[in-house]
Amino acid sequence: FFMATQKKIDTVKELTDKFSRAKALFLADYRGLKHKQLEELRKLLKKTEGEFVVTKNRLLLKALGQKRSHLVKEQQGETFTGFLTGTTATLFSFADEVAPLKELLKFFKTAGVGKPKAGLLGATLLTESEVARLSTIPGRQQLLAQIVGQLNAPIQGLHYALSWNINRLVWGLQAVREKKTT
């Protein structure tokens, strides 16, 4: 049997902490990305409060095992840990669940390499196609702006309705004044 090195123990501890703080996480196959591209991707994701971590699947499994209580309900016979094969990187979304994912998939498309494997939104397991579909919904800020617009519309309508009669009165008085001055 193998002895766990301190570095591996620290890595598992860090991953466990990230699992507990993340609102959503996604697994991706990053095969084909160069080191410089990975660094660029990490900088982009940091702006959206996301973190892209490349670790060994075994260490990821160990960290998942420690946080399994709030994770992974089975879906169609698939388990989240079943996607931990081959080269795997994990995207942690700490603030907005979707913004880092959008950035990641946009980067993959531009680079021409990489693809999502699976995702975990709360305790819901997402397949590759569901992750891709999730990335197409509008961002949090855009959705909030739409809600504010919809809430504001009735108020603007009421304002318009209430001011209409006053405006008609003012226009009528101006017309009378113009008639008397000519």
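Preceding block: the structure.
Described in the following lines is the structure provided in the data block. Throughout, residues of each chain are indexed from 1 in the direction in which the sequence is written. Reporting of local features is limited, given that this is a predicted model, to residues whose pLDDT is at least 70; pairs of side-chain atoms are given and counted only at 80 or more, and all residues count toward the totals for whole chains, interfaces and linings. The side-chain values count all of the structure's non-hydrogen atoms but skip hydrogen atoms and water molecules.

## A closer look at helix α2 (residues 35-47)
Helix and strand labels come from DSSP, where a helix needs a run of H or I of at least four residues and a strand needs a run of E of at least two; each type is numbered from the N terminus. In this analysis, the expected span of each helix is defined as 1.5 Å times one less than the number of residues it contains. End to end, α2 covers 19 Å across 13 residues, agreeing with the expected 18 Å (1.5 Å per residue, within 8%). Each element contacted by the buried residues of α2 is listed here: β2 (50-54), β3 (89-93) and α4 (99-111). Two residues qualify as a contact provided that any one of their heavy atoms is within 4.5 Å of a heavy atom in the partner residue.

## Points about the pairing of strand β4 (residues 115-121)
Burial classification: accessible surface area is computed with a 1.4 Å probe over protein chains only, and a residue below 20% of its type maximum counts as buried, one above 50% as exposed, and the rest as partly exposed. Across the seven residues of β4, five count as buried, placing the element largely inside the fold. Of the pairings in the sheet, the one linking strand β1 (residues 24-29) to β4 comprises six bridges and is antiparallel in character. From the neighbouring strand, Ala28 faces β4, where its bridge partner is Pro116. Only strands that DSSP links by at least two bridges are regarded as paired with each other. In this structure, β4 lies alongside strand β5 (residues 124-126), joined through three bridges in antiparallel fashion. Across the sheet, the residue bridging to Gly119 is Leu126, located in β5. In sequence, β4 turns back onto β5 through a hairpin of two residues, with Gly122 there showing a positive phi of about 65°.

## Concerning a positive patch on the surface
On the surface, a cluster of positive charge is contributed by Lys7, Lys56, Arg58 and Lys62. Along the chain, Lys56 turns up in the loop between β2 and α3 (57-66). Patch membership needs two things, relative accessible area over 30% and no salt bridge, and members are linked within 9 Å if like-charged or within 5 Å if nonpolar (Val, Leu, Ile, Met, Phe, Trp, Tyr). Residue burial considers only the protein chains on display, and all accessible areas are found by Shrake-Rupley using a 1.4 Å probe. Every case where a carboxyl oxygen of Asp or Glu lies within 4 Å of a side-chain nitrogen of Lys or Arg is listed as a salt bridge. Note that His is not counted, nor are the chain ends; the positive residues are Lys and Arg, and the negative ones are Asp and Glu. Here the site of a charge means NZ on Lys, CZ on Arg, CG on Asp, or CD on Glu.

## Comments concerning the pattern of salt bridges
What the rule picks out here adds up to six salt bridges. Among the ionic pairs, Arg21 bridges to Asp17, the shortest N-O distance being 3.2 Å. Here Arg21 pairs with Asp17, and both are found in helix α1 (residues 6-21), just four residues apart, close to one helical turn. Under the relative-accessibility criterion, Asp17 is labelled partly exposed at 37%. Among the ionic pairs, Arg42 bridges to Glu39, the shortest N-O distance being 3.3 Å. A residue pair is termed a helical-turn pair when its members lie 3 or 4 positions apart in one helix, as Arg42 and Glu39 do in helix α2 at three residues. Here Glu39 falls in the partly exposed class, since its relative accessible area comes to 34%.

Taken by themselves, the reported measurements are silent on function.
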